[in-house]
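What follows is the residue order along each chain.
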Amino acid sequence: MSRFYISTPIYYVNDAPHLGHAYCTIAADALSRFHRAAGDDTRFLTGTDEHGIKVEQAASERGMTPIQLADDVVERFRSTWAHLDIANDDFIRTTEARHKEFVSELWRRMDARGDIYKGKYEGWYCVKCEAYYPEGELLEGQLCPTHKSPATWLSEPTYFFKLSKYAGPLLEHFEKNPGFVQPENYRNEVIAFLKSGVRDLSVSRTTFRWGIPVPGDEEHVIYVWIDALTNYMSALGPIDGELHRRFWPGIHLIGKDILKFHAVYWPSMLLSAGLPLPELVFATGWWTVRGEKISKSMPATRVDPNQLADDIGVDALRYYLLREVPLGLDGDFAYENLIGRYNAELAHDLGNLVSRALTVAGKFTGGVVPPIHADLLGTGRHAELAREASAVVREAADQLRAFAPSRALETIWRLVREANRYVNDTQPWALARDPARRADLEHSVRTVLEAIVCTARMLRPVMPNTAREMTRLVGGSEELAASWPAAERFGQELVEGAAVGESKILFPRIDEDRQAALLDRWIPADARAAAADPAATAVAPAKDAKGGQAKGGKRDQAKGGKARDKDKAGEAAPGDAAPGDAATGAPDKPPRSKPAPPTGPVTFDEFGRMDLRVAQVVEAAAIPGATRLLRLLLDVGEPEPRQVVAGIAEAYRPDQLVGRKVIFLANLAPATIRGVTSQGMILAAGAERVIGLSAVDGDVPVGTKIR
Ligand code: MSP
């Protein structure tokens, strides 16, 4: 039996949970549920980060003490996680005694090693990051590069941790453990940082009290990141205890913005304390909402996961978040995409499969699981479906083990679609008319029910309730629902004669009226007002004809009433890839003015910011209703393929593209075009219309850098 200990970041209690927090927690939940179902000794930890100046300030703004605020907000996290069906084994708060004791113990170990010394720190501090910034890293006006808000000049006596001492040993660790930080691009970032010269870290504060006192010097409180990172161990109890032996080292799933803390500070602290380093630090990408960073001051970006879950269902939200964007890549959240996937994949593909299967079982096999007919097992259509199911079970498991839930869901959908085709091909309703074909009928119904239970068991980590319900409806037990299927046992899991439920619609289709009502509810009135404000349109840059980036001005963030009306009328966009509304591509009006593109020579540094790579097309498909666009899946040398929308449909047919190698711009901000997320751009020749695709000479491996 393998061991799997996964954690999320612990969330600051200065604000309520939002979509970005929900994403990381849902991903960790799904991965841990998979490992549990596959029989691994599994533990899943989440919690809250409650100390530090940021929380102290937020509390005082609300006229509360820090612990009052923490007690309040922690309940919002707990209830949100319960609502989203998060099955964590433990929840750690950094204000708990078990945590505080452990942090002091770790400090003492680092101190005993001679790695803590007293000095004075002067520098620019961003409270939002809870971190100092060297002058050179600040933006003009001493603004924090992450938050764009003013940094504060702090000057205080402080204890330092000898971080510089561990850069070398850590680089060695990276060399010996190539998979330590994933995905690979983040690993390279950390290595570059370590090589750039690491300075010692200020690890105590005297300007406020809300923290854990430094052992032996109560004037100082321990720096909040030293405190917070320790949660992954403090939650396992005493260092020589059973949980440590059983679960450490763990896997940290984190957002890419806090990579340095997890991949440099934390491992260095552990090296100093003589403790084993984490097994893996896996960084997820960043969700934007209609191209904008989620922020309190931007109404259109405030996505409340609780409300979404109430309106569209917890499982549908979990499915969308994990299916839409491969873990590790940035993604753009668009409500229309959520509804699009819901209707196409959940209501249509999955929902139809279940309701059809239950209907035929109810009508033709007495509402019970029919027998298997051994003589039919290895034959024709039945054998094909069984083969595909076994392959899907194996591949999806491998993909989940490799932190690729989006890909796993895509794989599972192969079985969903194949099972739907199987019903069409075997036509149980026709077989039922001919008593001589009773065995064929029973075998067909049984095979579809088996495909459903197999699908349900694979979906359980992502959609726990749906999976439980699907299993129950086809007569399977709770025990069966809770375990990952064995590939070689496909078709033999249900019990003959078990009662099958009545036909049921699992995911009612969201029609246009309901879609309009949901969008009205989800997009705040102030954001809609901003979208309707003609002045706001002036800031939207135009999008290129290749279906590239539509990085939005305000008008991209929310759909005004007008745009939605156009949606309802199915109005076509003037050119598929026009800027503006993500789902229709139809702008209300052309932007009044467009900033002139910068001219003149590009510096080498500017060019160097382009992450150009060799990519290979693995899948190409038309986008319904878009005459100039194709949806491509590209292998770019990452664990999961990238999806891009390319305006090349007039020059290439999908079947001409699969296998071709092209030049790909990997760090273009994601955008939603015609309701499809585009995660980069392929290069092609042609100004208005594409004439020819870029290509690379020779047999160059995918992912190779272009410079
Ligand atoms: N308290 C620290 C983490 C300490 S871990 C020892 C912290 N908290 S946070 O609440 O600000 O953010 C927690 C996590 O949420 C981070 O991993 C961050 O990347 C993630 N997200 C916050 N907004 C996000 C998006 N818009 N998209 C994806 N994840 C983002 O940092």
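Residues numbered from 1 in each chain as written. Predicted model: local features only at pLDDT ≥ 70, side-chain atom pairs only at ≥ 80, totals over all residues. Heavy atoms only, no water.

1. Regarding the overall build of the protein
In step 1: The helix and strand inventory of the protein stands at 25 helices and 25 strands.
In step 2: Looking at the protein residue by residue over its 707 residues, the buried ones come to 57%.
In step 3: The long-range share in the protein, meaning contacts at least 24 apart out of those at least 6 apart in sequence, stands at 74%.
In step 4: Total accessible area on the protein stands at roughly 28800 Å², and carbon and sulfur atoms take up 52% of it. (Helix = DSSP H or I, 4+ residues; strand = E, 2+ residues; numbered from the N terminus. Buried < 20%, exposed > 50% of the residue type's maximum accessible area, 1.4 Å probe, protein only. Contact = heavy atoms within 4.5 Å. Areas by Shrake-Rupley, 256 points an atom, 1.4 Å probe, with all protein chains shown as cover.)

2. Points about the packing of aromatic side chains
In step 1: A full pass over the atoms with the stated rule returns 28 aromatic pairs.
In step 2: Ring centres of Tyr121 and Phe160 lie 5.9 Å apart, and the angle between their planes is 45 degrees; this geometry places the pair in the tilted category. One end of the pair, Tyr121, is in strand 4 (residues 116-126); the other, Phe160, is in strand 6 (residues 152-161), with 39 residues separating them in the sequence. Exposure class is identical for Tyr121 and Phe160. Each is buried.
In step 3: Joined through ring pairs, the aromatic side chains of Tyr23, Trp287, Tyr320, Phe333, Tyr335 and Trp522 make up one cluster. (Phe/Tyr/Trp six-rings, centres within 6.5 Å; stacked < 30°, edge-to-face > 60°.)

3. What about the sheet that holds strand 6?
What holds strands together in a sheet is hydrogen bonding between their backbones, with the strands either parallel or antiparallel.
In step 1: Pairing is antiparallel across the open sheet formed by four strands, whose spatial order is 5-4-6-8. The open sheet has two edge strands with one neighbour each: strand 5 (131-133) and strand 8 (201-202).
In step 2: Bridge count for strand 4 against strand 6 is 10 bridges, and the pairing is antiparallel. If you follow Tyr117 over to strand 6, its bridge partner there is Phe160. (Pairing = 2+ DSSP bridges.)

4. Digging into the site of the ligand
In step 1: Around the ligand lies a shell of 22 residues, among which Ile10, Asp49, Gly255, Asp257 and Trp287 are the nearest.
In step 2: The separation between an oxygen atom of the ligand and a polar main-chain atom of Tyr12 is 3.2 Å.
In step 3: A distance of 2.9 Å separates an oxygen atom of the ligand from a polar backbone atom of Gly255.
In step 4: At the level of elements, strand 1 (3-12), helix 1 (19-37), helix 7 (224-229), helix 8 (231-234) and strand 12 (251-255) are the ones that each hand at least two residues to the shell around the ligand.
In step 5: Element by element, the count of residues in the shell around the ligand is highest for strand 1, at four residues.
In step 6: Grouping the constituent residues of the shell around the ligand by class yields 13 nonpolar, seven polar and two charged. (Near = heavy atom within 4 Å. Polar contact = N/O pair within 3.5 Å; in protein donor to acceptor, adjacent residues only side chain to side chain. Nonpolar A, V, L, I, M, F, W, Y, C, P; charged D, E, K, R; others polar.)

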